[in-house]
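# Structural overview for review
If you want the building blocks of each chain, they are given just below.
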Amino acid sequence: MRRIIVALTGASGAVYGIRALELLREVPDVETHLVLTKAARATIGYETDHSVADVRALADVVHSDGDLGAPISSGSFRTAGMLVAPCSVKTLSGIAASYDESLVVRAADVVLKERRRLVLLLRETPLHAGHLRLMSEVTASGAIVMPPVPAFYAHPHSVADIVEHTTGRALDLLDVDTDAVARWTGERDGRAVVQRS
């Protein structure tokens, strides 16, 4: 059983974390460990039709962001990695500085120190030099910064299509294959050729 940590922070884009949990529920050998920040709980209410209880029910295990003694706060608790979706600049800053005052940041720090995959769907724009510096610092520590930028070669018809593709690509980075990604297979006669995985 692969354990994957999914964290939602207070940045806009709670739907990315929610969709990741939904997709991971369909993968039989994955156990999800969810952490919601206080700001994430508010954002879920602002941006989606889901309740916090709905989101918590999508995970196999739920941890409080204030519980620094949770299993995911230790490197001896083996995981396949962590997805922070969405990732706020505050969380990015905490991870870059190893400022482990919350479980989200501590779990991310553990993932990095154990050389596991950490994928950050950073939701901020435009960016200033401080943001770029933080992104560079976490990348140097081993994180993958993946701003949720749409892939238009897949010809999305809705926001849900964009979320689906982006979330699927983020899970690819954790070696979890879903049917969410329209994969580029080349170009023929001047047209993009894609197929579902």
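Let us look at the structure shown here.

Thresholds applied
Residues numbered from 1 in each chain as written. Predicted model: local features only at pLDDT ≥ 70, side-chain atom pairs only at ≥ 80, totals over all residues. Heavy atoms only, no water. Buried < 20%, exposed > 50% of the residue type's maximum accessible area, 1.4 Å probe, protein only. Helix = DSSP H or I, 4+ residues; strand = E, 2+ residues; numbered from the N terminus. Contact = heavy atoms within 4.5 Å. Core = buried A, V, L, I, M, F, W, Y, C linked by side-chain atoms within 4.5 Å. Pairing = 2+ DSSP bridges. Right-handed = clockwise from strand over helix to strand, strands pointing away. Axes fitted to C-alpha atoms, helices over the stretch in contact; angles between N-to-C directions. Parallel < 35°, antiparallel > 145°, perpendicular 65-115°, else oblique. Left-handed = near helix turned anticlockwise from the far one by under 90°. Nonpolar A, V, L, I, M, F, W, Y, C, P; charged D, E, K, R; others polar.

### With respect to helix α5 (residues 103–113)
Burial analysis of α5 places nine of its eleven residues in the buried class, the great majority of the element. Every buried residue of α5 is listed here: Leu103, Val104, Val105, Ala107, Ala108, Asp109, Val110, Val111 and Leu112. Of the surrounding secondary structure, the elements contacted by the buried residues of α5 are β1 (2–8), β2 (30–36), β3 (61–64), β4 (81–87), α4 (89–97) and β5 (117–122). Arg115 occupies a position one or two residues after α5 and carries a positive phi of about 60 degrees.

### Focus on the nonpolar core
Grouped burial of nonpolar side chains is what soluble globular proteins tend to show. One finds Leu8, Leu83, Leu121 and Val176 to be the most contacted residues of the largest nonpolar core, which totals 30 residues. Sorting the residues of this core by element identifies β1, α1 (14–25), β2, α2 (38–47), β4, β5 and α7 (159–172) as the ones contributing at least two each. Here this core gets seven residues from one element, more than from any other, and that element is α1. Those residues in contact with Leu8, other than ones at most four positions away along the chain, are Ala14, Gly17, Ile18, Leu34, Val35, Leu36, Thr37, Ala40, Ile44, Ala85 and Pro86. Listed in part, the 27 residues of the second largest apolar core include Ala70, Cys87, Val104 and Ala143.

### Quick look at the pairing of β5
The buried fraction of β5 amounts to five of the six residues, a majority that puts the element mostly inside the structure. As judged from the five bridges shared by β4 and β5, these two strands associate in the parallel manner. Its bridge partner being in β5, Val84 is matched across the sheet by Leu120. Summarising the sheet, β5 and strand β6 (residues 144–145) pair through two bridges and their orientation is parallel. Residue Val119 lies in a different strand from β6, and its bridge partner there is Ile144. Viewed along the sheet, the connection from β5 through helix α6 (residues 129–140) into β6 turns out right-handed.

### Observations concerning the sheet that holds β5
Read from one edge to the other, the open sheet built from six strands follows the order β3-β2-β1-β4-β5-β6, with strand pairing classed as parallel. Looking along the sheet, the strands with just one partner apiece sit at the ends: β3 and β6. Sitting on the sheet, α4 is in contact with β4 and β5, with an inclination near 150 degrees to β5. Taken strand by strand, α5 contacts β1, β2, β3, β4 and β5, and its axis lies near 135 degrees from that of β4.

### Digging into the environment of Val61
Within the secondary structure, Val61 sits in strand β3. Residues Val61 and Arg3 lie 58 residues apart in sequence; the distance between their C-alpha atoms is 9.9 Å. With near-sequence residues (within four places) excluded, Val61 lies in contact with Thr32, His33 and Leu34.

### A few points about the packing of α1 against α7
At a minimum axis distance of 9 Å, the contact between α1 and α7 shows a crossing angle of 65 degrees. As summarised for this structure, α1 and α7 are arranged roughly perpendicular, according to the angle between their axes. Two packed elements cross with a definite hand, and for α1 against α7 that hand is right-handed. Together, Val15, Tyr16, Arg19, Ala20, Leu23 and Leu24 of α1 and Val163, Glu164, Thr166, Thr167, Gly168 and Leu171 of α7 make up the contact between the two elements. Here the contact of α1 with α7 is composed, by residue class, of seven nonpolar, three polar and two charged.

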